[in-house]
Amino acid sequence: MKKVVVGLSGGVDSSVTAYLLKEQGYDVIGLFMKNWHDDSVTISNECPWLEDSNDALIVAEKLGIPFQTVDLSVEYKERIVDYMFNEYEKGRTPNPDVLCNREIKFDVFMKIAMQLGADFVATGHYCRKTSFINEEGKEIHQLLAGKDGNKDQSYFLCQLSQEQLSKTLFPIGNLLKPEVRKIAAENDLITADKKDSQGLCFIGKVRLPDFLQQKLKPKQGVIVEVSSNLEQYNTIIPKFATKEEELSYNAAKPVYNLNDGKVVGEHQGAHYFTKGQRKGLAVGGTKEPLFVIETDVNENVIYTGQGKNHPGLYRKTLFVANDELHWVRTDMALKVDETMEVMARIRYRQALQKATLYKVDAGLYVDFEEEQSAMTEGQFVAWYIGDELIGSGVIS
């Protein structure tokens, strides 16, 4: 009997994961991760970890599997929270869920599982894994999208390595969410009707400014509205000597200064805002809602534009620096001057978009067929061939 440690979160997905593995004859252990102690920044009862750990315990008892809680709050603070503060300070927008998977669930947590003698770690993610032996006799693991298109979570696992995948199981990847709830209900699992948790991985819903204010102090600045007729949006595109010149030109983001628009309001810190954001600006009286098109954390200015079709929101090309480039399929990694046709997304719920990858000395360009809205530095771009997630990187 192979031993599997399941990350029991107190939700329905991980409960059914544990149930299915037990049915398949694995020796299953349930482990609940406590990653957060500071309730002052969470919104009321949105992530009552006590209730979650109780639900996880009740599920473990129902299934007759051993259960324990591990406190990973020190590692979580160091690897996730400090990283987030650092990124926001630089004016980038991090994705804590992607990091939480790479750094906590499939690293710190996985090591604890292995110390308990586990062969595998299993989670309730909606994605699938397959493996094959290549021509050199080496086992290659593939990360595939979940069967449920509405719930596919492969994007959140875009930073996993072959080593991590080799020890991972995703038992619900072939199921649809209603099927998962049905299995839970049929087996009297307390989590069958529990609603999905929202918000930060393990922290729950957080008032982001309150959360960030623990480290990043409020600092008053101005909100500038930029017209969609700004001259720099209509400049004539130069002739390029090389493809790389063209990619570099298309990936460059507009640079704004105060003279490019009019001051329409004030804010409490540019580092609290992100590109594409509409809420929280508290500026009225415009024909269409204002969207953040750029934040300047050095000058502490937020640049905005009216309407979701404002040209300041759109770019066709993004760049990933070498040190932030990751191949899940290392055997398919591009060499300099090589290209690859892929489908890519720059945020979790986004439909996949046609793109071409271009590898250059300094990193990788992702050149989309169509312009993309709100490409945000610090977020992850992930690329796929068919159902398979091949690689990812941090938008720079």
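Cut-offs used in this document
- Residues numbered from 1 in each chain as written.
- Predicted model: local features only at pLDDT ≥ 70, side-chain atom pairs only at ≥ 80, totals over all residues.
- Heavy atoms only, no water.
- Helix = DSSP H or I, 4+ residues; strand = E, 2+ residues; numbered from the N terminus.
- Contact = heavy atoms within 4.5 Å.
- Buried < 20%, exposed > 50% of the residue type's maximum accessible area, 1.4 Å probe, protein only.
- Pairing = 2+ DSSP bridges.
- Phe/Tyr/Trp six-rings, centres within 6.5 Å; stacked < 30°, edge-to-face > 60°.
- Disulfide = S-S within 2.5 Å.
- Salt bridge = Lys/Arg side-chain N within 4 Å of Asp/Glu carboxyl O.
- Patch = residues over 30% accessible without salt bridge, like charges linked within 9 Å, V, L, I, M, F, W, Y side chains within 5 Å.
- Areas by Shrake-Rupley, 256 points an atom, 1.4 Å probe, with all protein chains shown as cover.
- Lys, Arg positive; Asp, Glu negative; His and termini not counted.
- Charge placed at Lys NZ, Arg CZ, Asp CG, Glu CD.

Colleague: Where do I start with the environment of Leu357 in this structure?
Modeller: Inspection of the secondary structure assignment puts Leu357 in strand β15 (residues 353-360). Once residues lying within four places of it in the same chain are set aside, the contact partners of Leu357 are Trp327, Leu334, Glu338, Thr339, Met340, Val342, Leu364, Tyr365, Val366 and Trp383.

Colleague: Can you help me understand the pairing of strand β11 (residues 301-306) in this one?
Modeller: For a regular strand, side chains alternate in direction, first toward one face of the sheet and then toward the other. Among the six residues that make up β11, five are buried, leaving the element largely enclosed by the rest of the structure. Of the strand pairs in this sheet, strand β8 (residues 221-226) and β11 are connected by four bridges, and their pairing is parallel. Residue Glu225 lies in a different strand from β11, and its bridge partner there is Thr304. Note that strand β10 (residues 290-296) and β11 share six bridges and pair antiparallel. Paired with Asp296 across the strands is Val301, a residue of β11.

Colleague: Is there a simple way to think about the packing of aromatic side chains in this case?
Modeller: Two aromatic rings, taken as a pair, are described by how far apart their centres are and by the angle between their planes. One pass over the full model with this rule turns up eight aromatic pairs. Put simply, the rings of Tyr155, Phe156 and Tyr348 pair up and form one aromatic cluster.

Colleague: It is not clear to me how the state of the cysteines should be interpreted in this structure. Could you clarify?
Modeller: By definition, a disulfide is the covalent link that joins the sulfur atoms of two cysteine residues. On inspection of all chains with the given rule, the structure shows zero disulfides. The cysteine Cys127 is free of any disulfide, with Cys158 supplying the nearest cysteine sulfur at 11 Å. The exposure class assigned to Cys158 is buried, which follows from its relative accessible area of 0%.

Colleague: Looking at this model, I keep getting lost on the sheet that holds strand β4 (residues 120-122). Mind explaining?
Modeller: In any sheet, the strands associate via hydrogen bonds between backbone groups, in a parallel or an antiparallel arrangement. Here we have five strands laid out as an open sheet, ordered β3-β2-β1-β4-β7, and parallel in their pairing. The open sheet has two edge strands, β3 (67-71) and β7 (168-169), and neither has a second partner. Pairing geometry for strand β1 (residues 3-7) and strand β2 (residues 27-34), over five bridges, is parallel. Within β2, the position partnered with Val4 by the bridge is Val28.

Colleague: Sorry if this is basic, but what is going on with the pattern of salt bridges here?
Modeller: Where side chains of opposite charge bring their charged atoms close, a pairing between them can arise. Taken as a whole and assessed by the stated rule, the structure comprises 26 salt bridges. Of the charged contacts, one joins Lys243 and Glu246 as a salt bridge, the two residues approaching to 3.6 Å between their closest N and O atoms. On the criterion of helical spacing, the pair formed by Lys243 and Glu246 is a turn pair, its members being three residues apart in helix α8 (residues 243-251). Judged by its relative accessible area of 36%, Lys243 is partly exposed. Between Lys275 and Glu294 there is a salt bridge whose closest N-O contact spans 3.5 Å. Of this pair, Lys275 sits in the loop between β9 (261-267) and β10 while Glu294 sits in strand β10, and the two are 19 residues apart along the sequence.

Colleague: Sorry, what's going on with a negative patch on the surface here?
Modeller: Where like charges cluster on the molecular surface, the negative patch consists of Glu244, Glu245, Asp337, Glu338 and Asp361. Here Glu244 is to be found in helix α8. Judged by relative accessible area, Glu244 falls into the partly exposed class, the value being 42%.

What is shown is where atoms sit, not what they do.
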